Amino acid sequence: MSDALKGTDGALRCPWALSTEDYVAYHDTEWGRPVHGDDALYERLCLEAFQSGLSWITILRRREGFRSAFAGFRIAEVAAFTDADEERLLADPGIIRNRAKIAATVANARVLADWAPGELDELIWSYAPDPATRPVPKALADVPAITDESIALSKALKKRGIRFVGPTTAYALMQACGLVNDHLADCVSRKSTLKGSAL
């Protein structure tokens, strides 16, 4: 039996999407849809790291604040941040003011600034599993928190110097960026997500 629930518009969705309007919009238009581009993937990587230990809605509602604070997550610009910038960020109420996560965000940009254009995109997407090997989740219990691929992706990123990217964070990134399609079987977004990707 599916865990998908009916929203106010009558459409079935993953139950987590129905708690707030912010979630509905994110679920319907972004989550599980393919994301490409180094800066775009860097943003998702950073936001997932900031989410660690918090609810996603906390991050989602501060997303524009994060974008403003971190120069639109343009890798080259964040890589040039100074100690003064990090202190500025620690005083910014529009983001999560966690010193370790802020430092990791800047340090990761400095690492990525030395990569070739498209290298982050290529690395992350090389860990997308074959969709034919993945069962379609019917219930929330069918959706894993980590997978062999997320463990491998986490190790690969850490080996290259990327911080705050454990297997759970790596899997959340894979879900958010469309490397996997974890919309439930009866969810209205599962089919629309399939149309927009190879998943």
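Residues numbered from 1 in each chain as written. Predicted model: local features only at pLDDT ≥ 70, side-chain atom pairs only at ≥ 80, totals over all residues. Heavy atoms only, no water.

Among the ten residues of helix 10 (residues 167-176), eight are classified as buried, and the element is accordingly described as predominantly covered. Those residues of helix 10 that sit buried are T169, A170, Y171, A172, L173, M174, Q175 and A176. Count one or two residues on from helix 10 and you reach G178, which has phi positive near 80°. (Buried < 20%, exposed > 50% of the residue type's maximum accessible area, 1.4 Å probe, protein only. Helix = DSSP H or I, 4+ residues; strand = E, 2+ residues; numbered from the N terminus.)

What follows covers the packing of aromatic side chains. Overall, the coordinates contain nine aromatic pairs when judged by the stated rule. Seen in terms of ring centroids, F50 and F70 are 6.0 Å apart; in terms of plane orientation they differ by 55°. Their pairing is tilted. With F50 in helix 2 (residues 38-51) and F70 in the loop between helix 4 (63-69) and helix 5 (75-79), this pair connects stretches of sequence that are 20 residues apart. Look at F70 and you get buried, because its relative accessible area is 0%. Measuring from ring centre to ring centre gives 6.3 Å for F70 and F81, while their planes differ by 15°; the resulting arrangement is stacked. Of this pair, F70 sits in the loop between helix 4 and helix 5 while F81 is found in the loop between helix 5 and helix 6 (83-90), placing the two residues eleven residues apart along the sequence. With a relative accessible area of 10%, F81 lands in the buried category. (Phe/Tyr/Trp six-rings, centres within 6.5 Å; stacked < 30°, edge-to-face > 60°.)

Interhelical geometry of helix 9 (residues 148-159) versus helix 10 gives an angle of 110° and a closest axis separation of 8 Å. Here helix 9 is positioned roughly perpendicular relative to helix 10, judged by the angle of their axes. Packed against helix 9, whose contacting residues are E149, S150, I151, L153 and S154, the element helix 10 presents P167, A170, Y171 and M174 at the interface. Class assignment of the residues belonging to the contact of helix 9 with helix 10 gives a composition of six nonpolar, two polar and one charged. (Axes fitted to C-alpha atoms, helices over the stretch in contact; angles between N-to-C directions. Parallel < 35°, antiparallel > 145°, perpendicular 65-115°, else oblique. Contact = heavy atoms within 4.5 Å. Nonpolar A, V, L, I, M, F, W, Y, C, P; charged D, E, K, R; others polar.)

The feature "binding site: Zn(2+)" (unreviewed entry), as annotated in UniProt, sits at C14, H27, H183 and C187 in this numbering. A maximum C-alpha distance of 10.2 Å among these annotated residues, which run over 174 residues, shows that they cluster at one spot. Residue placement: H183 occurs in the loop between helix 10 and helix 11 (188-195). Judged by relative accessible area, H183 falls into the buried class, the value being 0%. When neighbours within four sequence positions are excluded, H183 is seen to be in contact with C14, H27, W31, G32, P137, S189, R190 and T193. Separated by 3.1 Å, the side chains of H183 and H27 make a polar contact. With respect to the helices and strands, the residue C187 is situated in the loop between helix 10 and helix 11. (UniProt positions renumbered as here; feature names shortened; annotations may be inferred. Polar contact = N/O pair within 3.5 Å; in protein donor to acceptor, adjacent residues only side chain to side chain.)

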